[in-house]
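This is what each chain is made of:
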Amino acid sequence: MNFRPLHDRVLVERLEGEEKTAGGIIIPDTAKEKPMEGKVIAVGSGVRGEDGKLVALDVKPGDRILFGKWSGTEVKLDGKEYLIMKESDIMGIVG
């Protein structure tokens, strides 16, 4: 894939949610909610601060992140689905 996000945007691959409930009930695809956890694939160069200096992003490729349910824009690259979102849509990095 030859894609590089610009500025403070991040390319994220959504991680699959649970197939079963805690009690062992299998959840059909039609009832599943979209996962709010993903893996950072690529990041932009950052944003310019008020002083004109480039401020790098806090996330980096490979980080597991949590984001809002309606965050980002869905795109398809090389046959795979990804999300492009601003760094401000990311709630945090998972352990």
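Just above sits the structure.
Here's what I pulled together on the structure shown here. Please read these numbers as outputs of a predicted model, since none were measured by experiment. Residue positions are counted from 1 within each chain, in the order its sequence is given. Thresholds applied to this predicted model are a pLDDT of at least 70 for local features of residues and 80 or more for the giving and counting of side-chain atom pairs; totals over whole chains, interfaces and linings are not thresholded and use all residues. Remark: hydrogens and water are excluded; side-chain values derive from all non-hydrogen atoms of the structure.

1. Focus on the pairing of strand S6 (residues 73-77)
Strand pairing follows a simple DSSP-based rule, namely that at least 2 bridges must link the two strands. Secondary structure elements are taken from DSSP: a helix is a run of H or I of four residues or more, a strand is a run of E of two residues or more, and numbering for both begins at the N terminus. For S6 and strand S7 (residues 80-86), the ladder comprises five bridges, and the chain directions are antiparallel. By the bridge assignment, Lys76 is partnered in S7 with Glu81. The hairpin turn running from S6 into S7, its antiparallel successor, is two residues long, and Asp78 in that turn takes a positive phi close to 55°.

2. Things to note about the side chain of Asp8
Among the secondary structure elements, Asp8 is positioned in the segment before strand S1 (9-14). Summary of the burial criterion: residues with accessible area below 20% of their type's maximum are buried, those above 50% are exposed, and those between are partly exposed, where the area comes from a 1.4 Å probe applied to protein chains only. On the accessibility criterion, Asp8 (15% relative accessible area) is buried. Ignoring sequence-local partners within four residues, the contact set of Asp8 consists of Gly46, Val47, Leu57, Met85, Lys86 and Glu87. Any two residues having at least one pair of non-hydrogen atoms within 4.5 Å are treated as being in contact.

3. Some thoughts on a nonpolar patch on the surface
Residues Leu66, Met91 and Val94 make up a contiguous nonpolar surface patch of about 280 Å² in total accessible area. Note on placement: Met91 falls in strand S8 (residues 90-93). Judged by its relative accessible area of 62%, Met91 falls in the exposed class. Nonpolar side chains (Val, Leu, Ile, Met, Phe, Trp, Tyr) are joined into patches within 5 Å and like charges within 9 Å, using only residues with over 30% relative accessible area and no salt bridge. Here the open area of atoms and residues is found with the Shrake-Rupley method and a 1.4 Å probe, where only the protein chains shown may cover a residue. Within this document, salt bridges are pairs made up of a side-chain nitrogen of Lys or Arg and a carboxyl oxygen of Asp or Glu, the two lying within 4 Å of each other.

4. Things to note about the side chain of Ser71
Residue position: Ser71 is located in the loop between strand S5 (64-67) and S6. Classification of Ser71 by relative accessible area gives buried; the value is 14%. In this structure, Ser71 is in contact with Leu83, Met85 and Asp89, ignoring residues within four places of it in sequence.

5. What to know about the nonpolar core
Each nonpolar core is a collection of buried residues, namely Ala, Val, Leu, Ile, Met, Phe, Trp, Tyr and Cys, held together in the definition by side-chain atoms within 4.5 Å. Formed by Val10, Val12, Val40, Leu57, Val59, Ile65, Phe67, Leu83, Met85 and Ile90, the largest nonpolar core amounts to 10 residues. Looking at this core, the elements that each hand over two or more residues are S1, S5 and S7. In contact with Val10, other than residues within four places in its own chain, are Pro5, Val40, Ala42, Val43, Leu57, Val59, Leu83, Ile84, Met85, Glu87 and Ile90.

6. Structural notes on the sheet that holds S7
Strand order in the open sheet made by the six strands is S6-S7-S1-S2-S5-S8, with antiparallel pairing throughout. Since the sheet does not close on itself, it has two edges, and those belong to S6 and S8, each with one partner. Neighbouring strand axes in the sheet, compared pairwise and without regard to direction, differ in orientation by 45° on average. Taken together, the five bridges between S1 and strand S2 (residues 37-43) define a ladder with antiparallel strand orientation. Bridge assignment links Arg14 to a residue of S2, and that residue is Gly38. To get an axis, fit a line to the C-alpha atoms, keeping to the stretch in contact for a helix; angles then go from 0 to 180 degrees between the N-to-C directions.

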